[in-house]
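A closer look at the structure
Take a look at the letters that make up each chain.
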Amino acid sequence: MLCTVLLAPMSVSAQDEEQVTPASDTATTRTWYDSFNEATNVARQTKRQMLLVYQTEWCRWCQTMNDSTWTDTDILKMANSLIFTRIDGDFDTATVSKYHVTRFPTTILTSDQGIEVDRFVGYHGPRDLQEEITRALEGDGTLWELERLLGESKNDPKIMLAVARKYLERGEPSRAIEFLERAGMADHSGDAGVADDVLFAKAQIKRDERNWYKAIEDLKQLVKKYPESE
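Quick summary incoming for the structure in this document. (Residues numbered from 1 in each chain as written. Predicted model: local features only at pLDDT ≥ 70, side-chain atom pairs only at ≥ 80, totals over all residues. Heavy atoms only, no water.)

One pass over the full model with this rule turns up 1 disulfide. In this model C59 forms its disulfide with C62; the gap between the sulfur atoms is 2.4 Å. Around the S-S axis, the bridge from C59 to C62 shows a dihedral of about 85° and counts as right-handed. Each of the two residues, C59 as well as C62, counts as buried. (Disulfide = S-S within 2.5 Å. Buried < 20%, exposed > 50% of the residue type's maximum accessible area, 1.4 Å probe, protein only.)

This next bit is on the pairing of strand β3 (residues 82–88). Judged by how many residues are buried, β3 sits mostly within the fold: 6 of 7 residues are covered. In this sheet, β3 lies alongside strand β1 (residues 32–33) in parallel orientation, the contact comprising 2 bridges. Bridging from a neighbouring strand, W32 pairs with F84 of β3. Taken together, the 7 bridges between strand β2 (residues 49–55) and β3 define a ladder with parallel strand orientation. Across the sheet, L52 pairs through a bridge with T85, a residue of β3. (Helix = DSSP H or I, 4+ residues; strand = E, 2+ residues; numbered from the N terminus. Pairing = 2+ DSSP bridges.)

This part covers the packing of aromatic side chains. Following the criterion strictly, the structure yields 7 aromatic pairs and no others. Ring geometry for F36 against Y99: centres 6.2 Å apart, planes inclined by 70°, an arrangement best described as edge-to-face. One end of the pair, F36, is in helix α1 (residues 36–46); the other, Y99, is in the loop between α4 (93–98) and β4 (106–110), with 63 residues separating them in the sequence. Here the two residues F36 and Y99 agree in accessibility, since each one is buried. When the ring of W70 is compared with that of F84, the centres are 5.9 Å apart and the planes differ by 80°; the resulting orientation is edge-to-face. With W70 in the loop between α2 (60–67) and α3 (73–77) and F84 in strand β3, the pair connects residues that are 14 residues apart, well separated along the chain. Residue W70 is classed as buried on the basis of its relative accessible area of 0%. Classification of F84 as buried rests on a relative accessible area of 1%. Joined through ring pairs, the aromatic side chains of W32, W70 and F84 make up one cluster. Between the NZ or CZ atom of R86 and the centre of the ring of W32, over which it lies, the distance is 3.8 Å. (Phe/Tyr/Trp six-rings, centres within 6.5 Å; stacked < 30°, edge-to-face > 60°. Lys NZ or Arg CZ within 6 Å of the ring centre and 35° of its normal.)

See the structure below:
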(Lines give C-alpha, C1' and ligand atoms only; values in the text may rest on other atoms or scores of the structure.)
Protein backbone atom coordinates (compact mmCIF):
# COMPACT_ATOMS: atom_id res chain seq x y z
CA MET A 1 0.00 0.00 0.00
CA LEU A 2 1.40 3.35 -1.01
CA CYS A 3 1.10 6.46 1.03
CA THR A 4 2.25 9.89 -0.08
CA VAL A 5 2.94 12.36 2.69
CA LEU A 6 3.18 16.07 2.02
CA LEU A 7 5.54 17.67 4.46
CA ALA A 8 5.51 21.43 4.66
CA PRO A 9 7.54 23.76 6.89
CA MET A 10 6.43 25.50 10.11
CA SER A 11 7.48 27.70 13.03
CA VAL A 12 6.52 28.19 16.68
CA SER A 13 6.45 31.16 19.02
CA ALA A 14 6.30 31.22 22.80
CA GLN A 15 2.72 32.49 22.96
CA ASP A 16 1.16 31.61 26.32
CA GLU A 17 3.96 29.43 27.63
CA GLU A 18 5.86 30.95 30.51
CA GLN A 19 9.61 31.19 30.10
CA VAL A 20 11.01 29.86 33.37
CA THR A 21 14.63 29.94 34.42
CA PRO A 22 15.59 26.32 35.13
CA ALA A 23 15.60 25.66 38.86
CA SER A 24 17.35 22.94 40.81
CA ASP A 25 14.12 20.93 40.83
CA THR A 26 13.75 20.95 37.05
CA ALA A 27 11.93 17.61 37.11
CA THR A 28 8.73 19.52 37.88
CA THR A 29 9.54 22.75 36.03
CA ARG A 30 7.57 23.42 32.88
CA THR A 31 9.66 25.42 30.45
CA TRP A 32 10.78 25.87 26.86
CA TYR A 33 14.49 26.06 26.12
CA ASP A 34 15.79 27.95 23.11
CA SER A 35 19.42 26.86 23.45
CA PHE A 36 20.41 23.34 22.46
CA ASN A 37 23.53 23.46 24.64
CA GLU A 38 21.60 24.64 27.70
CA ALA A 39 18.90 22.04 27.16
CA THR A 40 21.52 19.32 26.76
CA ASN A 41 23.20 20.29 30.02
CA VAL A 42 19.91 20.24 31.93
CA ALA A 43 18.92 16.91 30.35
CA ARG A 44 22.18 15.30 31.47
CA GLN A 45 22.01 16.76 34.96
CA THR A 46 18.40 15.72 35.53
CA LYS A 47 18.44 12.47 33.49
CA ARG A 48 15.47 13.69 31.45
CA GLN A 49 14.98 13.03 27.77
CA MET A 50 14.79 15.92 25.30
CA LEU A 51 12.14 16.85 22.76
CA LEU A 52 13.83 18.91 20.05
CA VAL A 53 11.33 20.95 18.02
CA TYR A 54 12.87 22.11 14.72
CA GLN A 55 11.08 25.03 13.08
CA THR A 56 11.66 28.01 10.81
CA GLU A 57 9.99 31.39 10.56
CA TRP A 58 8.85 30.75 7.00
CA CYS A 59 7.31 27.37 7.79
CA ARG A 60 3.51 27.55 7.62
CA TRP A 61 2.92 24.19 9.28
CA CYS A 62 5.28 25.14 12.11
CA GLN A 63 2.99 28.04 12.93
CA THR A 64 -0.03 25.76 12.69
CA MET A 65 1.50 23.42 15.26
CA ASN A 66 2.34 26.40 17.43
CA ASP A 67 -1.26 27.50 17.41
CA SER A 68 -2.67 24.06 18.17
CA THR A 69 -0.25 21.32 19.20
CA TRP A 70 2.21 23.32 21.31
CA THR A 71 -0.54 25.12 23.22
CA ASP A 72 -2.37 21.90 24.08
CA THR A 73 -2.61 21.27 27.84
CA ASP A 74 -1.84 17.55 27.63
CA ILE A 75 1.16 18.12 25.38
CA LEU A 76 2.55 20.79 27.71
CA LYS A 77 2.18 18.42 30.67
CA MET A 78 4.81 16.24 29.00
CA ALA A 79 7.29 19.05 29.59
CA ASN A 80 7.26 18.01 33.26
CA SER A 81 9.27 14.94 32.32
CA LEU A 82 10.87 16.00 29.01
CA ILE A 83 13.12 18.93 28.14
CA PHE A 84 11.15 20.87 25.50
CA THR A 85 13.54 22.72 23.20
CA ARG A 86 12.73 24.99 20.26
CA ILE A 87 15.38 25.20 17.57
CA ASP A 88 15.34 27.61 14.63
CA GLY A 89 16.51 25.52 11.70
CA ASP A 90 17.74 28.59 9.80
CA PHE A 91 20.11 29.64 12.56
CA ASP A 92 21.18 26.55 14.50
CA THR A 93 22.63 24.82 11.46
CA ALA A 94 25.04 22.81 13.61
CA THR A 95 22.33 20.70 15.23
CA VAL A 96 20.36 20.60 11.97
CA SER A 97 23.42 18.91 10.48
CA LYS A 98 24.02 16.76 13.57
CA TYR A 99 20.54 15.24 13.41
CA HIS A 100 20.20 15.35 9.58
CA VAL A 101 17.05 17.47 9.72
CA THR A 102 15.85 17.99 6.14
CA ARG A 103 12.21 19.02 6.60
CA PHE A 104 10.30 21.38 8.85
CA PRO A 105 8.67 20.89 11.21
CA THR A 106 10.61 17.97 12.65
CA THR A 107 10.28 16.88 16.28
CA ILE A 108 13.00 14.62 17.69
CA LEU A 109 12.89 12.63 20.91
CA THR A 110 16.36 11.96 22.33
CA SER A 111 17.87 10.26 25.32
CA ASP A 112 19.21 12.36 28.20
CA GLN A 113 22.56 12.16 26.38
CA GLY A 114 21.16 13.59 23.15
CA ILE A 115 21.02 10.27 21.29
CA GLU A 116 18.05 10.14 18.92
CA VAL A 117 15.29 7.76 19.98
CA ASP A 118 12.67 8.62 17.35
CA ARG A 119 11.47 11.51 15.22
CA PHE A 120 8.16 12.82 13.97
CA VAL A 121 8.40 14.63 10.65
CA GLY A 122 5.81 17.12 9.45
CA TYR A 123 2.64 18.41 11.03
CA HIS A 124 1.22 16.45 13.98
CA GLY A 125 -1.92 17.37 15.88
CA PRO A 126 -1.83 17.20 19.69
CA ARG A 127 -3.49 13.79 20.10
CA ASP A 128 -1.44 12.23 17.31
CA LEU A 129 1.85 13.63 18.63
CA GLN A 130 1.07 12.62 22.20
CA GLU A 131 0.43 9.04 21.09
CA GLU A 132 3.60 8.99 18.95
CA ILE A 133 5.78 10.30 21.80
CA THR A 134 4.22 7.89 24.30
CA ARG A 135 4.89 4.93 21.99
CA ALA A 136 8.48 6.06 21.43
CA LEU A 137 9.05 6.46 25.18
CA GLU A 138 7.88 2.87 25.57
CA GLY A 139 10.25 1.77 22.78
CA ASP A 140 7.44 0.83 20.41
CA GLY A 141 8.25 1.41 16.72
CA THR A 142 11.61 3.08 17.25
CA LEU A 143 14.56 2.29 15.00
CA TRP A 144 16.23 0.44 17.86
CA GLU A 145 13.16 -1.74 18.37
CA LEU A 146 12.74 -2.42 14.65
CA GLU A 147 16.38 -3.44 14.29
CA ARG A 148 15.98 -5.74 17.30
CA LEU A 149 12.92 -7.33 15.68
CA LEU A 150 14.81 -7.66 12.41
CA GLY A 151 17.51 -9.57 14.28
CA GLU A 152 14.84 -12.06 15.28
CA SER A 153 13.15 -12.16 11.84
CA LYS A 154 16.01 -11.54 9.44
CA ASN A 155 13.97 -12.00 6.26
CA ASP A 156 10.82 -10.08 7.17
CA PRO A 157 10.36 -7.55 4.33
CA LYS A 158 7.83 -5.50 6.29
CA ILE A 159 10.31 -4.86 9.09
CA MET A 160 13.03 -4.07 6.51
CA LEU A 161 10.72 -1.53 4.89
CA ALA A 162 9.92 0.04 8.26
CA VAL A 163 13.64 0.32 9.04
CA ALA A 164 14.26 1.90 5.63
CA ARG A 165 11.57 4.49 6.30
CA LYS A 166 13.16 5.35 9.64
CA TYR A 167 16.49 5.98 7.92
CA LEU A 168 14.75 8.12 5.31
CA GLU A 169 13.22 10.24 8.07
CA ARG A 170 16.68 10.58 9.61
CA GLY A 171 18.13 11.92 6.39
CA GLU A 172 20.24 8.81 5.69
CA PRO A 173 19.13 7.71 2.20
CA SER A 174 22.14 5.41 1.66
CA ARG A 175 21.16 3.31 4.68
CA ALA A 176 17.53 3.43 3.58
CA ILE A 177 18.45 2.10 0.12
CA GLU A 178 20.31 -0.79 1.75
CA PHE A 179 17.16 -1.94 3.55
CA LEU A 180 14.90 -1.19 0.61
CA GLU A 181 17.01 -3.48 -1.57
CA ARG A 182 16.80 -6.21 1.05
CA ALA A 183 13.03 -5.76 1.39
CA GLY A 184 12.58 -5.90 -2.38
CA MET A 185 14.58 -9.12 -2.64
CA ALA A 186 12.68 -10.69 0.27
CA ASP A 187 9.36 -9.78 -1.37
CA HIS A 188 10.31 -10.39 -5.02
CA SER A 189 6.99 -12.15 -5.58
CA GLY A 190 5.00 -9.29 -4.07
CA ASP A 191 3.16 -11.65 -1.73
CA ALA A 192 4.18 -9.68 1.38
CA GLY A 193 2.67 -6.52 -0.06
CA VAL A 194 5.74 -4.30 0.27
CA ALA A 195 7.30 -4.51 -3.19
CA ASP A 196 5.25 -1.57 -4.47
CA ASP A 197 6.19 0.50 -1.40
CA VAL A 198 9.84 -0.30 -2.04
CA LEU A 199 9.65 1.01 -5.61
CA PHE A 200 7.79 4.11 -4.46
CA ALA A 201 10.36 4.83 -1.72
CA LYS A 202 13.19 4.47 -4.23
CA ALA A 203 11.46 6.94 -6.54
CA GLN A 204 11.08 9.37 -3.65
CA ILE A 205 14.79 9.15 -2.89
CA LYS A 206 15.70 9.81 -6.53
CA ARG A 207 13.27 12.73 -6.58
CA ASP A 208 14.86 14.22 -3.45
CA GLU A 209 18.24 13.83 -5.16
CA ARG A 210 16.77 15.68 -8.19
CA ASN A 211 17.40 12.61 -10.32
CA TRP A 212 14.11 13.21 -12.10
CA TYR A 213 14.47 10.70 -14.93
CA LYS A 214 15.35 7.80 -12.63
CA ALA A 215 12.46 8.75 -10.35
CA ILE A 216 10.06 8.68 -13.30
CA GLU A 217 11.45 5.33 -14.45
CA ASP A 218 10.81 3.82 -11.01
CA LEU A 219 7.28 5.21 -10.94
CA LYS A 220 6.55 3.84 -14.43
CA GLN A 221 7.82 0.44 -13.33
CA LEU A 222 5.62 0.68 -10.24
CA VAL A 223 2.50 1.46 -12.29
CA LYS A 224 3.28 -1.34 -14.74
CA LYS A 225 4.01 -4.04 -12.14
CA TYR A 226 1.43 -3.03 -9.53
CA PRO A 227 -1.44 -1.24 -11.28
CA GLU A 228 -3.77 -1.78 -8.30
CA SER A 229 -1.39 -0.21 -5.82
CA GLU A 230 -2.62 2.94 -4.07
